[in-house]
Amino acid sequence: MPEEKIVVIGSGCAGLTAAIYAARAGLNPLVIEGPQPGGQLTTTSHVENFPGFPENISGYELVMNMRQQAERFGARFLSEVVRKVAFTAQKKQMTCDGTTLLAKAVIIATGASARTLGIPGEKEFYGGKGVSTCATCDGVFYRHHEVIVIGGGDTACEDALFLTRFCSCVYLLHRRNQLRASKIMAERVTHHEKIRCLWSRIPLNILGKDHVESLQVQRVETQETELIPCRGIFLAIGHVPNTSLFQKILPLNDQGYLLGKGVETEIPGIFIAGDCADPHYRQAVTAAGMGCSAAIMAERYLSKLDYGN
Ligand SMILES: Cc1cc2nc3c(=O)[nH]c(=O)nc-3n(C[C@H](O)[C@H](O)[C@H](O)COP(=O)(O)OP(=O)(O)OC[C@H]3O[C@@H](n4cnc5c(N)ncnc54)[C@H](O)[C@@H]3O)c2cc1C
């Protein structure tokens, strides 16, 4: 089996940026695209915060530009999903459905997926029609509107506070009668004049015509249903990093994010980048930044292998 110099697992912002840098360093990288070619950004219509696009750009166009840029310098793409990995300092093997690959260095950029509720209307209105999983990305589109944040942890509180900068009213909807968030965050939220906490309610149905218009909820104690008018619904019920492949192979934190020293892991030659290793920011530009760092570190690692120091 021929050994690749460098394989990038994942084709989102992190993987594609790593591919651009590795390709420009003459490493002829192979990118395994995975189940979502282009990654999460392909699901959003407007990206307004990626530097260099003053008039905004669609997420799909942005990642396709990155892909073209990587291809221009010699990156290759494989339309496969990695099902199993075996990584040691000496050998890095990846098994896909149709092929098995070996590489001298590997960059893991498998991203993360936001948890969703699975209720009617959620898929229909996701990505530009009122349902969002990223307040930092989409909050600004709801200026002067009423929105609902669903969740009860620190992220839900942070999102609710952030949204008060733009929105006329932010409802924080939680299925319990108190927040799971830290005391300080809970206090900030409950005392904020623009935030109204809606306790002990379960979201049932997202309603609207072309865009979200309301959320139907059920009260836990009485089972009564009610309709809350809103323009936006922000899901803040957590993210799941796509890292199950690496369990027992690489260290993960208690939420499943890959742990490393920067972009390096404890296995020489295995590097990590993007949302799969970032529980804090989860932004396109930070993922791209980590992809760049991982490729530079991988290039240094490979040149040490070649020159022995
Ligand atoms: C709706 C939405 C809107 C957003 N808007 C913005 C925004 O406006 N601005 C912003 O900065 N950020 C935004 N984000 C966040 C941004 O999309 C992410 O931070 C960024 O995409 C992370 O890049 P990534 O490469 O780490 O992971 P991802 O984009 O998640 O890509 C992961 C890649 O890994 C691949 N993969 C997964 N498992 C495997 C496997 N087993 N084998 C091979 N490949 C695999 C997938 O196919 C995918 O290509 C948004 C996110 C969403 C969901």
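Residues numbered from 1 in each chain as written. Predicted model: local features only at pLDDT ≥ 70, side-chain atom pairs only at ≥ 80, totals over all residues.

1. Quick look at the site of the ligand
So, step 1. Contacts to the ligand come from 41 residues, most closely from G12, G34, G39, G111 and G274.
So, step 2. Secondary-structure elements contributing two or more residues to the shell around the ligand are α1 (13-24), β7 (112-114) and α6 (284-307).
So, step 3. Both domain 1 (3-113 + 239-307) and domain 2 (116-235) contribute no fewer than three residues apiece to the shell around the ligand. (Near = placed C-beta within 6 Å. Helix = DSSP H or I, 4+ residues; strand = E, 2+ residues; numbered from the N terminus. Domains from an automatic or database assignment.)

2. Some remarks on the sheet that holds strand β14 (residues 225-229)
So, step 1. Spatially, β12-β13-β14 is the arrangement adopted by the three strands of the open sheet, whose pairing is antiparallel. The open sheet is flanked by β12 (201-208) and β14, the only strands paired with a single partner. Shown here is a sheet whose adjacent strand axes are inclined to one another by a mean of 25°, direction ignored.
So, step 2. Summarising the sheet, β12 and strand β13 (residues 212-219) pair through seven bridges and their orientation is antiparallel. Among the inter-strand pairings, L207 is bridged to a residue of β13, identified as S214. (Pairing = 2+ DSSP bridges. Axes fitted to C-alpha atoms, helices over the stretch in contact; angles between N-to-C directions.)

3. Notes on the packing of α1 against helix α2 (residues 59-72)
Helix packing geometry: the angle between the two helix axes and the distance between the axes.
So, step 1. The geometry of α1 relative to α2 is characterised by a closest axis approach of 8 Å and an angle of 20° between their N-to-C directions. In this view, α1 runs roughly parallel relative to α2, as classed from their interaxial angle. Crossing hand, α1 versus α2: left-handed. Contact with α1, carried on its side by C13, L16, T17, A19, I20 and A23, involves V63, M66, R67, Q69 and A70 of α2 and no other residues of that element. (Parallel < 35°, antiparallel > 145°, perpendicular 65-115°, else oblique. Left-handed = near helix turned anticlockwise from the far one by under 90°. Contact = placed C-beta atoms within 7 Å.)

4. Here's the deal with the environment of P203
So, step 1. On the secondary structure map, P203 appears in strand β12.
So, step 2. Along the sequence, P203 and T225 sit 22 residues apart, while their C-alpha atoms lie 9.5 Å from each other.
So, step 3. Setting aside anything within four residues of it in sequence, one finds P203 in contact with L117, I119, I150, L173, L215 and V217.

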